[in-house]
Each structure stands twice: as structure tokens, then as C-alpha cells.
Amino acid sequence: MTITPQGNRAELPVPAPAPVAHGVHSPAAAAPPPEIAERPGRCLPGGLAVLTALAAAGGTAALLLGPAGTSPVVRTVAVAVLAALTALTALGLVRGRPGSVWMLTRHGAYHGTVRRTGLLWISPLLARRRVDTSLRHWRSSPIEATDAVGTPLQTTVLVVWRVRDTARAAFTVHDHVRYLREQVEAAVVRCVSRLPADDFHGPGPTLRDADRLADDLTRIVVQDLRPVGVEVFSVQPVRVDYAPAVASAMRRARLAALDARHRRAALDDALTAVGETVRGLLDRGLVDLDDYERKALVRDLTVAYCAARLPEGSAPAA
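Peer 1: I tried to follow the side chain of Thr 105 on my own but got confused; where do I start?
Peer 2: Note on placement: Thr 105 falls in strand E3 (residues 100–106). Discounting residues that sit within four places of it in the chain, Thr 105 has contacts with Tyr 110, His 111, Leu 126, Ala 127 and Phe 171.

Next comes the structure, spelled out in C-alpha cells:
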């Protein structure tokens, strides 16, 4: 039906419906589900529940053992109610311990987390699951990875962590402990592949810098575990070893590099000492040498210093 205002026969324009893209629902239907987050669960002091259970049990005993002053139907109903109340209060008594909490669910739906300690009463109509929230540590088994130059390595790390949000840890992933271990292994593979295990040619950055490797690992694991409610404090590398297949060859290469570095340092020291000796002799006028004699003296002094500081065939200790 077209609506026209009085005194004007022109039809009012009817706004056209907004185009809806294929597969896009209304804003209400497209709204994401609420984010899972921990919230306090309902509980009562355990002492009050104990007093209630004792009072209900006493009333039940009084009705059963006392004189029959009421009708049997009323008496039976009262006994049933008091017995049910006694059972309800007794079954809801639990103990809260430091370092663990009670997570409450009903038919799979989350109903809160109880972090209080001591004697408590929680409705027995709710499913209760104890979750460990204490500070925990996990030492991994050797994780296989390769460094920046493709050398196979085995890395062992120590992780310090705890559950911070019980709802996310329980409902976001199937097993938060297994998820933690898999994320740590992935982070180790990523960080180890960025640097070489050893640099035999110079003092460049390597995986032997434990502080740098620990900072990289901790930063990555903290970011990966935050969405699932797990708080990671540190990921420390305990051992970074070569794989058994290449361990002996890499050990020989490292010893050779150390030996070459030691010989180079000894040669530099010998050349410095020879230069100072020759300069001192010439400055004091003790000798008068031409170029040929000076070269011969430098050669002899160099051989003597090197023989004294680094005997032939010696090698630095590993």
C-alpha cells in the first residue's frame, strides 16, 4: 500500500532494503559468542552447612523416635524432606586447598570457579572438577631441531608455568598441559633455527648465549599460551647439544677452531714481543743492523718466542 500525505498526491519514496551479501547473516546472528573467562562460583561456608545437616538429622531422628502426634502422611513427608536436606548438605561439603580450585559445570556449561580455601559447601547438583593452579615446572625431553646452518641439535628446556584462567584452560583447548608442551617444542624449533650453535670463524651471536635464547623462547611461549589461560614465567634452555650423528665431528671441528685461535693469539703475542725487543735494541744503540740482518734477527726471535710459548704438536685443552 502506498501512503500519500493530504494535499500532496506524490508518493513517498520507500527505502529499498540494504543488499545482503551471500552467506552473511544479520548482526544478531553474526555476533560472536561471548568470550570464555573465569568468574567466581557460588559457595557457602562449610560450618553453616554442617550445622544445617546436624539440625536436619536431629529433626529426622526426633520424628522417627518421638511419639506419633501427627498423621502418618505428614510425618512421612517431613521425614523425607529432612532426610533429603541432610543428604543435600552432606554431599555438598568439600575442602578448598591452597594451590587448587574447584571448577563448577552443569551439563557441560561453565558455572564458575571457587578459589576459596577451607571447608565449603557447593551445590551437589553441579559437577565439580579440581584444577591445579599452583606454580609448576616441566623439564622437556631432548627436542630435535636444526640450527641456522642446518646442523642437527638436541635441546632441553625447563618451563615454569601455572594456570591463571581455569575456564580458558578447560574449555579453549582439549588438554592444556599437552598444548603447553607442543607449543614449547614449536618455539624451540623456531628459535634454534635462527642462530648457529657455534661460530668457528668469529665471535658472532650463537646459541651458546643462554640469556638471549631464554628471552626469545619465553616471549614466544608467553604469547602462544596467553589465549588459553596459562601463564608462563620462564623458558630456560638447560642443554643445547649436537645430535649423536654429528657430535664427534662437530667436537673435532670445535677443538680445531680453538687450537687455531690459540695459535693465532700466541703468534700475535710473539710478534709483539719481538717488535718491542728489536725496537729496544735499536733505540739503545746496542746493535747496528742492516735490513737483511734485521730480518734475520726478527725471524730468529719469532721462532724462539713461538717455540717457548707454543711447543710443536701441542693443543689447547678442551
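Peer 1: Even after reading the chapter, I still don't get unusual backbone geometry, so can you show me in this structure?
Peer 2: Trans is the prevailing form of peptide bonds, just as negative phi is the prevailing case for residues other than glycine. The backbone phi angle of His 107 is positive, close to 55°, even though this residue is not glycine. Within the secondary structure, His 107 sits in the loop between E3 and strand E4 (109–114).

Peer 1: Hey, could you run me through the environment of Arg 194 in this one?
Peer 2: Assignment of secondary structure puts Arg 194 in the loop between helix H5 (176–192) and helix H6 (210–225). Between the C-alpha atom of Arg 194 and that of Leu 213, which follows or precedes it by 19 residues, the distance is 10.0 Å.

Peer 1: Is there a simple way to think about the pairing of strand E8 (residues 143–146) in this case?
Peer 2: Strand residues, when the strand is regular, have side chains that alternate between the two faces of the sheet. What you see with E8 is a clean split: Ile 143 and Ala 145 sit on the buried side and Glu 144 and Thr 146 on the side with no burial. Turn length for the E8-strand E9 (residues 152–163) hairpin, with the two strands adjacent in sequence and antiparallel, is 5 residues, and the turn residue Gly 150 shows positive phi of about 85°.

Peer 1: Sorry, what's going on with the pattern of salt bridges here?
Peer 2: Side chains that differ in charge, positive against negative, can pair when their charged atoms come close. As enumerated under the stated definition, the model contains 8 salt bridges in all. Two residues, Arg 115 and Glu 38, come together in a salt bridge whose shortest N-O distance is 2.6 Å. With a gap of 77 residues between them, Arg 115 in the loop between E4 and strand E5 (118–121) and Glu 38 in the loop between helix H1 (27–30) and strand E1 (44–45) connect regions that are remote in the sequence. With its nearest N and O atoms 3.2 Å apart, the salt bridge here joins Arg 178 to Glu 182. Here Arg 178 and its partner Glu 182 are both found in helix H5, 4 residues apart, which amounts to about one turn of the helix. Residue classification places Arg 178 among the exposed positions, given a relative accessible area of 55%. Under the relative-accessibility criterion, Glu 182 is labelled partly exposed at 40%. Residues joined by salt bridges that share partners form a network here, namely Arg 162, Arg 164 and Glu 231.

Peer 1: Please clarify how H6 should be interpreted in this entry.
Peer 2: Each full turn of the α-helix corresponds to 3.6 residues, which orients residues three or four apart in the same direction. In a regular helix each residue adds 1.5 Å, so 16 residues correspond to 22 Å; H6 covers 22 Å between its end C-alpha atoms and thus fits that length. Within H6, burial applies to Leu 213, Ala 214, Asp 216, Leu 217, Thr 218, Ile 220, Val 221 and Leu 225. Against E9, H5 and strand E10 (230–242) lie the buried residues of H6.

Peer 1: Is there a simple way to think about the nonpolar core in this case?
Peer 2: With 36 residues, the main nonpolar core has Val 157, Val 159, Trp 161, Val 184, Leu 217 and Val 232 as its most contacted residues. Of all elements in the fold, only E3, E8, E9, helix H4 (166–171), H5, H6 and E10 reach the threshold of two or more residues within this core. Take this core: its biggest share by element is 6 residues, from H5. Look past the residues within four positions of Leu 217 in its chain and what remains in contact with it is Val 157, Ala 187, Val 188, Cys 191 and Val 235.

Peer 1: Is there a simple way to think about the packing of helix H2 (residues 46–65) against helix H3 (residues 72–91) in this case?
Peer 2: At their nearest, the axes of H2 and H3 sit 8 Å apart, and the two run at 155° to each other. Taken together, the axis directions place H2 and H3 in an arrangement best described as roughly antiparallel. Along this stretch, H2 crosses H3, giving a crossing that reads as left-handed. Contacts from Ala 49, Thr 52, Ala 53, Ala 56, Ala 57, Gly 59, Thr 60, Leu 63, Leu 64 and Leu 65 of H2 reach H3 at Arg 75, Ala 78, Val 79, Leu 82, Ala 83, Leu 85, Thr 86 and Thr 89. When its residues are assigned to classes, the contact of H2 with H3 shows 12 nonpolar, 5 polar and 1 charged.

Peer 1: Can you walk me through the sheet that holds E4 in this structure?
Peer 2: As a general point, the strands of a sheet are linked pairwise by backbone hydrogen bonds and lie either parallel or antiparallel. One open sheet accounts for 3 strands, arranged E4-E3-E6; its pairing is antiparallel. Strand pairing shows two members of the sheet lacking a second neighbour, E4 and strand E6 (127–132), which therefore form its edges. Strand-to-strand twist across the sheet, computed as the mean angle between neighbouring axes with direction ignored, equals 30°. Sheet analysis places E3 next to E4, joined by 4 bridges and oriented antiparallel. Residue Arg 106 lies in a different strand from E4, and its bridge partner there is Ala 109.

Conventions we followed
- Residues numbered from 1 in each chain as written.
- Predicted model: local features only at pLDDT ≥ 70, side-chain atom pairs only at ≥ 80, totals over all residues.
- Heavy atoms only, no water.
- Helix = DSSP H or I, 4+ residues; strand = E, 2+ residues; numbered from the N terminus.
- Contact = heavy atoms within 4.5 Å.
- Buried < 20%, exposed > 50% of the residue type's maximum accessible area, 1.4 Å probe, protein only.
- Pairing = 2+ DSSP bridges.
- Salt bridge = Lys/Arg side-chain N within 4 Å of Asp/Glu carboxyl O.
- Expected span 1.5 Å × (residues − 1).
- Core = buried A, V, L, I, M, F, W, Y, C linked by side-chain atoms within 4.5 Å.
- Axes fitted to C-alpha atoms, helices over the stretch in contact; angles between N-to-C directions.
- Parallel < 35°, antiparallel > 145°, perpendicular 65-115°, else oblique.
- Left-handed = near helix turned anticlockwise from the far one by under 90°.
- Nonpolar A, V, L, I, M, F, W, Y, C, P; charged D, E, K, R; others polar.

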